[in-house]
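Each chain, written out:
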Amino acid sequence: MPTSSLFSTADRLPWAEPLPLADGSALPKRGLSPVVDRPDRRISPWLRARSFLRRPRFEGSVLRAGLAALREELAALRADLAEAVNDTPRLLAIHNGAPGLARAPSVAAFVHYAPVAAVSGMVLRRIEQLRANGFAVVFISSAPGVPPVALARLRALCALVVVRRNHGLDFGAWHDVAPLLRRTAPMMQELLLANDSVCGPFRDKAPILAAMRAAGHGLFGLTENLAPRPHLQSYFLLARGRPVVADLLRFLDGCTVTASKRRTIRNGEVRLSAWMRRRGHAVAAWCGYETIERAALQQDSARRRLRALYPFLFRDIPRDSPAEAAMMGWALHRRPVNATHAFWRELVEEMGFPYLKTDLLLRNSIIEDAAGWRRLLADRDEAMNVVISSHLATMSVARRRDPGA
């Protein structure tokens, strides 16, 4: 496959030069939170099962919850068996784009999905910003197709456009392109894994990238999830330094491609952070879980939201008492939540988070009212407000079968 240079030698980015491994103790000085094992905050299997059972769609029925889990796994098994007997490659087409990867020091592998043959304006804006941030973009689409107009635009923005059969979620897509990245981007010193499971950005993320790049070598993400054990969330993962990039690609090589979302998250997203730490790499989040939890619990709106989401956790805690925040914090110590869902507003308003999760906006089950996020963004980026609304309309055409983690 012919490739050409995205960056000339004179344009080599300063952060692409070799740096020593990041010292974990220095990460907070860069505004990053180390992701380490936290045995004291592990969720017991009993509490995990109880939380799963209490999802509104199960109405507290063990039978309904069990049948739903069984149906999901059987559907994934059928899809995996069908894929096993399919003798055609999952990578259906690879389109060369604007300058290639041969000398690119910073590469982004961006996974796209839509239920119809479409690439939304929001996705195109994200690609434009990645390019502006210094990344050569490998665009991987698992949609039913990429329209000619969108393909032409993508080829102008991206180094490669890969069309892929939809199987295996985002870690499956990264697994499939890992050999391609290794072959076509030999100068790579930064590898960003990203997907379209978040909407935005409605803030410039250059300062976030600057903090990650100042931290040296390591694996960095935007947010941390403590359940079932501490890990970076995989919608934005930046590996920095040749040894780190090499190990990340090695991890992707070993991922099992499956249609099971539960197994993909457990064996992909959750396992990755600890695996990289065992390889000797620093692992850190731009916004650690406990930072946002502490900030959110100071807000009345966040406490009300938590009570609505997890009434069984807080039913014995008096409302509006002076100790309410501290007591809710203790309850959450046993049952940490997904910050990008439960603390979505505080992430944006208090922490400067540049994204909102797509499934959060589609469901609106956690947002106080359907227009809440639109009002939240109206004063910040009205144009992005319109672009996100259009993207959500595209995603609402059919239920997404392969959501990002």
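Right, let's walk through the structure included here. Keep in mind the model is a prediction, meaning the values are calculated, not measured.

## Examining the pairing of strand β4 (residues 136–141)
Of all six residues in β4, six are buried; the element is thus mostly enclosed. Alternating residues of β4 divide into Ala136, Val138 and Ile140 and Val137, Phe139 and Ser141, and every residue in both groups is buried. With six bridges joining them, strand β3 (residues 106–112) and β4 adopt parallel strand pairing. Of the residues in β4, the one forming a bridge with Val107 is Ala136. The parallel pair β3 and β4, bridged by helix α3 (residues 121–132), forms a crossover whose chirality is right-handed. Running through helix α4 (residues 148–157), the crossover from β4 to the neighbouring parallel element strand β5 (residues 160–164) is right-handed.

## Looking at the environment of Met395
Take Met395: it is sitting in helix α17 (residues 382–395). Classification of Met395 as buried rests on a relative accessible area of 3%. With 33 residues separating them in the primary sequence, Met395 and Leu362 have C-alpha atoms 8.2 Å apart.

## Some words on the packing of α3 against α17
For the pair α3 and α17, interaxial distance at closest approach is 7 Å and the crossing angle is 125°. The angle between α3 and α17 places the two elements in the oblique class. Between α3 and α17, the contacting residues are Gly121, Met122, Val123 and Arg125 on the first element and Ala383, Met384, Val387, Ile388 and His391 on the second. For the contact of α3 with α17, a count of residues per class yields six nonpolar, two polar and one charged.

## Brief notes about the nonpolar core
Leu306 and Phe343 are the most contacted members of the largest nonpolar core, which totals 72 residues. Counting residues per element, this core draws most heavily on α3, at five residues. Excluding residues that lie within four positions of it along the chain, Leu306 makes contacts with Leu297, Pro311, Phe314, Met328, Leu332, Val337, Ala342 and Phe343. Counting residues in each nonpolar core, the second largest holds 39 residues, with Ile140, Ala178, Leu193 and Val244 among its members.

## Section: the packing of aromatic side chains
If you walk through the whole model with that rule in mind, you get seven aromatic pairs. Ring centres of Phe110 and Phe139 lie 6.0 Å apart, and the angle between their planes is 10°; this geometry places the pair in the stacked category. Taken together, the positions of Phe110 in strand β3 and Phe139 in strand β4 put the pair 29 residues apart, joining distant regions of the chain. Both residues of the pair, Phe110 and Phe139, count as buried. Judged by centre distance (6.4 Å) and plane angle (20°), the rings of Trp286 and Phe353 are stacked.

## Some details on the pattern of salt bridges
For the coordinates displayed, the defined rule picks out 21 salt bridges. With its nearest N and O atoms 2.9 Å apart, the salt bridge here joins Glu190 to Arg213. A residue pair is termed long-range when its members are at least 10 positions apart, and Glu190 in strand β6 (residues 190–195) and Arg213 in helix α6 (residues 206–214) qualify at 23 residues. Connected through salt bridges with shared partners, the residues Glu72, Glu73, Asp80, Arg262 and Arg263 form a single ionic network.

## A few points about the pairing of strand β10 (residues 236–240)
Most of β10 is tucked away: five of the five residues are buried. Two elements, β6 and β10, share five bridges in a ladder whose sense is antiparallel. Considered in β10, the bridge of Leu191 is made with Ala239. Inspection of the sheet shows strand β8 (residues 218–225) paired to β10 by four bridges, in the antiparallel sense. Bridge assignment links Gly218 to a residue of β10, and that residue is Arg240.

## As for unusual backbone geometry
Put simply, Gly200 and Pro201 share a cis peptide bond, and its omega is 0°. Tracing the chain through its elements places Pro201 in the loop between β7 (198–199) and α6. In the segment running from Ala227 into Pro228, the intervening peptide bond is cis, with an omega of -5°. One can find Pro228 in the loop between β8 and β9 (231–232). Positive phi, normally seen in glycine, also occurs at Leu169, with a value near 55°. Using a relative accessible area of 5% as the deciding quantity, one classes Leu169 as buried. One non-glycine residue with positive phi stands out, namely Asp320, at about 60°. Tracing the sequence through the fold places Asp320 in the loop between α11 (311–314) and α12 (324–334).

## Focus: the side chain of Arg90
Counting through the fold element by element, Arg90 comes out in the loop between α2 (62–84) and β2 (91–96). Within the structure, Arg90 has its side chain in polar contact with the side chain of Glu83 (distance 3.1 Å). Not counting residues up to four positions away in its chain, the partners in contact with Arg90 are Glu83, Val163, Arg164, Arg165, His167, His175, Asp176 and Val257.

Conventions used here
Residues numbered from 1 in each chain as written. Predicted model: local features only at pLDDT ≥ 70, side-chain atom pairs only at ≥ 80, totals over all residues. Heavy atoms only, no water. Buried < 20%, exposed > 50% of the residue type's maximum accessible area, 1.4 Å probe, protein only. Helix = DSSP H or I, 4+ residues; strand = E, 2+ residues; numbered from the N terminus. Pairing = 2+ DSSP bridges. Right-handed = clockwise from strand over helix to strand, strands pointing away. Axes fitted to C-alpha atoms, helices over the stretch in contact; angles between N-to-C directions. Parallel < 35°, antiparallel > 145°, perpendicular 65-115°, else oblique. Contact = heavy atoms within 4.5 Å. Nonpolar A, V, L, I, M, F, W, Y, C, P; charged D, E, K, R; others polar. Core = buried A, V, L, I, M, F, W, Y, C linked by side-chain atoms within 4.5 Å. Phe/Tyr/Trp six-rings, centres within 6.5 Å; stacked < 30°, edge-to-face > 60°. Salt bridge = Lys/Arg side-chain N within 4 Å of Asp/Glu carboxyl O. Polar contact = N/O pair within 3.5 Å; in protein donor to acceptor, adjacent residues only side chain to side chain.

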